[in-house]
Amino acid sequence: MTAVLAVQGDFFEHERALASLGEPYFEIRCRADAEKHFDRLVLPGGESTVQRKLVTELGLYDILRERIAGTDDATGTAGRGGIPVLATCAGLILLADYFRTLPVTVKRNAYGRQTGSFATVADFSGIGTIPMTFIRAPAVEEASSPVTVKSIVDGRITGVQYKKQIGIAFHPEMDADSRLYQYFLSL
């Protein structure tokens, strides 16, 4: 079962992509939702500052961070290993800068303002060439081992993987190609 953070952003489009693959999902809108059982998590694009504020206000931070990092408690004691996470655009910023479970440095709006949004096709390591839609997209400025760079567009890192966390600067939910979701569901 996949949980989709649904406090702000394009969560509906992720749900539609998951449903097309037959993956059961539910929305996390409050702490009670986050306390339910789930095996995977989607952190959607949207406005990272608003998402961060709402995750904090709704009391979701500790429980989500614990599930992402795979710790037994908020102190960071090693636990069972984190769940697979697909973090797109603002979700990438949340993983790196807020939850701090993805050890990369992210630059917000790396491709410019809304008018700098674009679509392209590029290689995503392990999947092949896929469509990528960038909307006020961030980019990864620094990623070192053990983080694996999965995609680069225009000389900028746009996709990474660390353990079971996939952080991408683009929006796969905006395109019909489901291979990235299939990869995520295979973790």
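Okay, so let's go over this structure. Within any chain, residue numbers begin from 1 and follow the written order of that chain's sequence. Predicted model: local features are reported for residues with pLDDT of at least 70 only, side-chain atom pairs are reported and counted for 80 or more only, and whole-chain, interface and lining totals are derived from all residues. The basis for every side-chain value is the complete set of heavy atoms in the structure, and neither hydrogens nor water enter the calculation.

Along helix α3 (residues 48-57), the residues that are buried comprise S48, Q51 and V55. Taken around the axis of α3, the buried residues stretch over an arc of 60°, which confines them to a single face. For this analysis, a polar contact is any N or O atom pair within 3.5 Å, provided that within protein one partner can donate a hydrogen and the other can accept it, and provided that sequence-adjacent residues contribute only side-chain to side-chain pairs. For the purposes of this entry, the term helix denotes a DSSP run of H or I that reaches at least four residues, the term strand denotes a run of E that reaches at least two, and both are numbered from the N terminus. By the N-cap criterion, in which a side-chain oxygen at the helix start approaches the backbone nitrogen of a residue two or three places on, α3 is capped by E47, the distance to T49 being 3.1 Å. After α3 finishes, the residue G59 shows a positive phi value of roughly 70°. Burial here depends on accessible area, computed with a 1.4 Å probe over protein chains only, as a share of the maximum for the residue type. Under 20% is buried, over 50% is exposed, and the range in between is partly exposed. Think of the arc as the fan of directions from the helix axis to the C-beta atoms.

Attention now goes to the packing of α3 against helix α5 (residues 90-98). Where α3 contacts α5, the axes come no closer than 9 Å and their chain directions differ by 60°. The angle between α3 and α5 places the two elements in the oblique class. In this structure, α3 meets α5 at a crossing whose hand is right-handed. Of the residues in α5, those in contact with S48, Q51, R52, V55 and T56 of α3 are A90, I93, L94, D97 and Y98. Orientation is described by axes fitted as lines to C-alpha atoms, over the contacting stretch for helices, and by angles from 0 to 180 degrees between their N-to-C directions. Orientation labels follow simple angle bins: below 35 degrees gives roughly parallel, above 145 gives roughly antiparallel, 65 to 115 gives roughly perpendicular, and whatever is left gives oblique. Note on convention: near helix rotated counterclockwise from far helix by under a right angle means a left-handed crossing. Clockwise means right-handed. In what follows, a contact means two residues having at least one pair of non-hydrogen atoms within 4.5 Å.

This brings us to the pattern of salt bridges. For this analysis, a salt bridge means a side-chain nitrogen from Lys or Arg found within 4 Å of a carboxyl oxygen belonging to Asp or Glu. In the structure shown here, the tally under the stated rule is 5 salt bridges. Of the charged contacts, one joins R31 and E35 as a salt bridge, the two residues approaching to 3.1 Å between their closest N and O atoms. With a closest N to O distance of 2.7 Å, R179 and D177 form a salt bridge.

The next thing to look at is the nonpolar core. L5, I28, L41, L43, L64 and F124 are the most contacted members of the largest nonpolar core, which has 59 residues in total. Of the residues forming this core, the biggest block, 6 residues, is contributed by α5. Every residue in contact with L41, bar those within four places of it in the chain, is listed here: T2, A3, L5, I28, L64, I68, I83, P84, V85, L86 and F184. Buried residues of nine kinds, namely Ala, Val, Leu, Ile, Met, Phe, Trp, Tyr and Cys, make up a nonpolar core once their side-chain atoms join them within 4.5 Å.

As a further point, take the side chain of T133. Mapped onto the elements, T133 comes out in strand β7 (residues 128-134). In terms of polar contacts, T133 uses its side chain to reach the side chain of D175, at 3.0 Å. Non-local contacts of T133, meaning those with residues more than four positions away in its chain, are made with F118, A119, F170, H171, M174 and D175.

A word on empty space enclosed by the protein. Grid points spaced at 1 Å and placed over the protein atoms alone form the basis of the search, with a cavity being a set where a 1.4 Å probe fits but cannot get out and a pocket an open set showing protein on both sides within 12 Å along at least five of seven lines. Lining residues have an atom within 4 Å of a point. Grid points are joined across faces, edges and corners, and a volume is the space filled by probe spheres set on the points. Applying the stated rule across the entire model yields 2 cavities of 30 Å³ or more. Taken as a whole, the largest cavity spans an internal volume of roughly 40 Å³. Lining the largest cavity are I130, P131, F170, P172, D175, D177 and L180. A volume near 30 Å³ is recorded for the second largest cavity. Taken together, S48, R52, I93, L94, D97, Y98 and R108 make up the lining of the second largest cavity.

Functional significance is not addressed by these values, which are geometric in nature.
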